[in-house]
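# Summary of the model geometry
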Amino acid sequence: MNSLNTEKWNRILVRFLLAFSFWEAVSIPVRMVFFSKFYFDPTFKTMFVPITDVFWIGPVFSDLLFTLSFGFLYSLMKESLPQGLVGGFLVGILVSIIGFVSPMLWTLSLTNFAPTVLVWVWVAYYSIFTISTAVIYSVGWNAED
């Protein structure tokens, strides 16, 4: 495996900026669509704060950290992963299953810490985030250029 030279760092950072800016442009409307049902439901009213009280540096920093760490992980494993759009979808779906679906299945089977529907909406939201990030990192990254 090759070390991370300047060319690889440039590819990581360009794809990181693309993935992060794409997700930040899409995330607020997607959050509103996914979680608006729960926000207006009286049984979940105590779980959500008004949008004006959200300290937005938390979700943005979380997205930044995930996108950057996923980029480093992807660049180190690039040689053994499938390439192109289909490869990005495949990697995104597999990482979503490993990182979100299976831990939530395990946690919900042991505890009842949150409503099941809310947990699965959260899993779907982060799965979309992971799949879109994986697709952005996988498309057009050719090591021989």
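Since the structure is predicted, the reported quantities are computational estimates derived from the model, not experimental observations. (Residues numbered from 1 in each chain as written. Predicted model: local features only at pLDDT ≥ 70, side-chain atom pairs only at ≥ 80, totals over all residues. Heavy atoms only, no water.)

### Some remarks on the overall build of the protein
Scanning the protein from terminus to terminus reveals four helices and zero strands. Secondary structure elements of the protein, listed N to C terminal, follow the sequence α-α-α-α. With the principal axes as the frame, the protein shows a C-alpha extent of 55 × 35 × 20 Å. Counting over 145 residues, the protein shows a buried share of 34%. A separation of at least 24 residues holds for 76% of the contacts in the protein among residues at least 6 apart in sequence. Here the protein displays about 8800 Å² of accessible surface, and carbon together with sulfur accounts for 75% of that area. Computed over 7 positive and 8 negative side-chain charges, the separation of the two mean positions in the protein equals 4 Å. (Helix = DSSP H or I, 4+ residues; strand = E, 2+ residues; numbered from the N terminus. Buried < 20%, exposed > 50% of the residue type's maximum accessible area, 1.4 Å probe, protein only. Contact = heavy atoms within 4.5 Å. Areas by Shrake-Rupley, 256 points an atom, 1.4 Å probe, with all protein chains shown as cover. Lys, Arg positive; Asp, Glu negative; His and termini not counted. Charge placed at Lys NZ, Arg CZ, Asp CG, Glu CD.)

### Digging into the packing of helix H3 (residues 84-110) against helix H4 (residues 116-138)
In contact at an axis separation of 8 Å, H3 and H4 are set at 155° when each is read in the N-to-C sense. Of the possible angle classes, the one that applies to H3 and H4 is roughly antiparallel. Once H3 is placed against H4, the crossing between them reads as right-handed. Per-class residue counts for the contact of H3 with H4 are 18 nonpolar, nine polar and no charged. (Axes fitted to C-alpha atoms, helices over the stretch in contact; angles between N-to-C directions. Parallel < 35°, antiparallel > 145°, perpendicular 65-115°, else oblique. Left-handed = near helix turned anticlockwise from the far one by under 90°. Nonpolar A, V, L, I, M, F, W, Y, C, P; charged D, E, K, R; others polar.)

### What to know about the confidence of the model for the protein
Averaged over all residues, the pLDDT of the protein is 83; the fraction at 70 or higher stands at 92%. Mean pLDDT per element in the protein: helix H1 (residues 6-39) is the minimum at 85, and H4 is the maximum at 90. (pLDDT = per-residue confidence, 0-100.)

### A few points about the nonpolar core
Ranked by internal contacts, the top residues of the largest apolar core, which has 16 residues, are Phe35, Phe38, Val119, Val123, Tyr125 and Tyr126. Secondary-structure elements contributing two or more residues to this core are H1, H3 and H4. Broken down by element, the residue count for this core peaks at seven residues, all from H4. With residues near it in sequence (within four places) discarded, Phe35 still touches Phe48, Leu118, Val121, Trp122 and Tyr125. Counting residues in each nonpolar core, the second largest holds 10 residues, with Ala19, Tyr74, Val91 and Ile136 among its members. (Core = buried A, V, L, I, M, F, W, Y, C linked by side-chain atoms within 4.5 Å.)

### What to know about the environment of Ser138
With respect to the secondary-structure elements, Ser138 resides in helix H4. Residues Ser138 and Arg15, spaced 123 residues apart in sequence, show a C-alpha to C-alpha distance of 9.0 Å. In contact with Ser138, not counting residues within four places along its chain, are Tyr74, Gly84, Gly87 and Gly88.

### Brief notes about the UniProt feature "transmembrane region" (unreviewed entry) in the protein
Under the feature "transmembrane region" (unreviewed entry), the UniProt entry names residues 12-34, 54-73, 85-106 and 118-139. Annotated as 100% helix and 0% strand, the span residues 12-34 places its first and last C-alpha atoms 30 Å apart. (UniProt positions renumbered as here; feature names shortened; annotations may be inferred.)

### Details of the pattern of salt bridges
Per the counting criterion, the structure on display carries one salt bridge. Measuring nitrogen to oxygen at the nearest pair gives 3.3 Å for the salt bridge that ties Asp63 to Arg31. Remark: Arg31 occurs in helix H1 and Asp63 occurs in helix H2 (residues 57-77); sequence separation between them is 32 residues. With relative accessibility at 1%, the residue Asp63 sits in the buried group. (Salt bridge = Lys/Arg side-chain N within 4 Å of Asp/Glu carboxyl O.)

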